[in-house]
Amino acid sequence: MYLKDRNQKISLLLIVVLVIVLTACGTNQPEQPGSDLVSTTLRLSAAIETNADQETSAFLMVSNPGKMLFPAKDNFDAEMTLWTAGGEPRARIEAHTIQAISPDETIQLASSSWKLDPGVYFLTWGSPEYGGNVTIFSIVEDAGRIYRANSVSFSTKPPEYNIQASSAGRIRSFSVEADGTLIITGETPVPDTHCVFPILFDGTGVVEGFPVGTCAQIAEGQWQMTHPTDPSGIKVQVKKDTSYQVIVFCEDLTLPPSEPFAVHISPPPQN
């Protein structure tokens, strides 16, 4: 009798446990934040405008292109720097925190306005964990009015290195081959296999046809950019007796760009 009662109690206990397990499996539990439910990808960009007060404004945007929520963070640690054509810092904004961003949502995280003289400017806006954006634009004056012109930008990946350096490097040479191919070389403290981004510009902005945002890969501290790589590709439009400059940025947008490299070139000879 004792054994029979004991077996009945064990069977009843097993049934109760099974019911509890099945009930838990069938219950809709609230989703908990986790790597499979939270977006880890952001896209940073900047909009540059001029207003009726002759001010130039930068609107610093952050987009969540993913399908999941991006959570608020207290250590976003983004930074914007406005650089002059001479590679000197003109203004800086820090954004240490960021709010939650829904899928496919874009927010304006910060903005600022300045009185800028006519010329070419570079605006870097980036976060060490999420990458950034470089915008090249020019401010021109026409009929007594200041306005923005010739804006172009490119995105950068998060830097996978942390170095202490005075700049992204320097340009060593600039040449134009007989077929119109540009060759730019330089050196950099950025580790091998990473990128630097040369930019060819004149007094009005990026030179027409120059491939902004093209990676010049680093090997043994040296880099070379050849454009176009295909001889039949589109050539950069250079003008006779015109002065140009080359400046270099890297993926770590907290590093100053290189000192601009002045060049004076003539177009390739015509056949």
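Since this is a predicted model, take the numbers as computed values, not measurements.

### With respect to the side chain of Thr124
Okay, so step 1: Relative to the helices and strands, Thr124 resides in strand β6 (residues 119-127).
Okay, so step 2: Side chain to side chain, Thr124 and Trp83 meet in a polar contact 3.2 Å long.
Okay, so step 3: When sequence neighbours within four positions are dropped, the list of residues in contact with Thr124 reads Glu79, Met80, Thr81, Trp83, Asn133, Val134, Phe249 and Leu253.

### Observations regarding the pattern of salt bridges
Okay, so step 1: Scanning the entire structure with this criterion turns up 3 salt bridges.
Okay, so step 2: Where Lys67 meets Asp104, a salt bridge forms, and the shortest distance between an N and an O atom there is 3.9 Å. One end of the pair, Lys67, is in the loop between β2 (56-63) and β3 (78-84); the other, Asp104, is in the loop between β4 (89-95) and β5 (106-114), and 37 residues separate them in sequence. The same class applies to Lys67 and to Asp104, which are both exposed.
Okay, so step 3: Between Arg92 and Glu79 there is a salt bridge, and its shortest N-O distance comes to 3.4 Å. With Arg92 in strand β4 and Glu79 in strand β3, this residue pair connects regions lying 13 residues apart in the sequence.

### Section: the sheet that holds β4
Okay, so step 1: Pairing within the open sheet is antiparallel, and its 5 strands lie in the order β4-β3-β6-β7-β8. Looking at strand neighbours, the two that pair on one side only are β4 and β8 (145-156), the edges of this open sheet. Each strand of the sheet is rotated relative to its neighbour by a mean of 15 degrees, with strand direction disregarded.
Okay, so step 2: Sheet topology note: the β3/β6 ladder contains 6 bridges and is antiparallel. In the strand pairing of β6, Glu79 is matched with Gly126.

### Considering the state of the cysteines
Okay, so step 1: Tallied over the entire structure, the rule returns 1 disulfide.
Okay, so step 2: Residue pairing for Cys195: its cysteine sulfur links by disulfide to Cys215, the two sulfurs lying 1.9 Å apart. Taking the sign of the torsion about the S-S bond as the criterion, the disulfide between Cys195 and Cys215, at about -85 degrees, is left-handed. Of this pair, Cys195 sits in strand β11 (residues 195-202) while Cys215 is found in the loop between β12 (205-206) and β13 (216-219), placing the two residues 20 residues apart along the sequence.
Okay, so step 3: Owing to a relative accessible area of 13%, Cys195 belongs among the buried residues under this scheme.
Okay, so step 4: For Cys215, a relative accessible area of 34% corresponds to the partly exposed category.

### Examining the confidence of the model for the protein chain
Okay, so step 1: Here the protein chain averages 86 in pLDDT, while 83% of its residues score no lower than 70.
Okay, so step 2: Of all helices and strands in the protein chain, the one with the weakest mean pLDDT is helix α1 (residues 2-26) (44), whereas β3 scores best (98).
Okay, so step 3: This stretch, residues 12-36, has a pLDDT under 50; its non-local contacts, to residues over four places away or in other chains, come to 5 contacts.

### Topic: the pairing of β4
Okay, so step 1: Pairing of β3 with β4, which is carried by 6 bridges, proceeds in the antiparallel orientation. Bridge pairing in β4 places Glu79 opposite Glu94.

### Points about the environment of Gly169
Okay, so step 1: In this structure, Gly169 sits in the loop between β8 and β9 (170-176).
Okay, so step 2: Taking relative accessible area as the criterion, Gly169 reaches 12% and is therefore assigned buried.
Okay, so step 3: Setting aside its immediate chain neighbours within four residues, Gly169 contacts Glu187, Thr188, Pro189, Ser258 and Glu259.

### Topic: the packing of aromatic side chains
Okay, so step 1: Applying the stated criterion across every chain, the model contains 6 aromatic pairs.
Okay, so step 2: Ring centres 5.8 Å apart and planes at 20 degrees place the aromatic pair Tyr121 and Phe137 in the stacked group. Of this pair, Tyr121 sits in strand β6 while Phe137 is found in strand β7 (residues 131-142), placing the two residues 16 residues apart along the sequence.
Okay, so step 3: Assessed through its relative accessible area of 0%, Phe137 is described here as buried.
Okay, so step 4: With 5.2 Å between their ring centres and 80 degrees between their planes, Phe122 and Phe201 make a pair best called edge-to-face. With Phe122 in strand β6 and Phe201 in strand β11, this residue pair connects regions lying 79 residues apart in the sequence.
Okay, so step 5: Exposure remark for Phe122: the relative accessible area of 0% places this residue in the buried category.
Okay, so step 6: Taking the relative accessible area as the measure of exposure, Phe201 reaches 1% and is therefore buried.
Okay, so step 7: Put simply, the rings of Phe70, Phe76 and Tyr130 touch in pairs and so form one group of aromatic residues.

Conventions used here
Residues numbered from 1 in each chain as written. Predicted model: local features only at pLDDT ≥ 70, side-chain atom pairs only at ≥ 80, totals over all residues. Heavy atoms only, no water. Helix = DSSP H or I, 4+ residues; strand = E, 2+ residues; numbered from the N terminus. Polar contact = N/O pair within 3.5 Å; in protein donor to acceptor, adjacent residues only side chain to side chain. Contact = heavy atoms within 4.5 Å. Salt bridge = Lys/Arg side-chain N within 4 Å of Asp/Glu carboxyl O. Buried < 20%, exposed > 50% of the residue type's maximum accessible area, 1.4 Å probe, protein only. Pairing = 2+ DSSP bridges. Axes fitted to C-alpha atoms, helices over the stretch in contact; angles between N-to-C directions. Disulfide = S-S within 2.5 Å. pLDDT = per-residue confidence, 0-100. Phe/Tyr/Trp six-rings, centres within 6.5 Å; stacked < 30°, edge-to-face > 60°.

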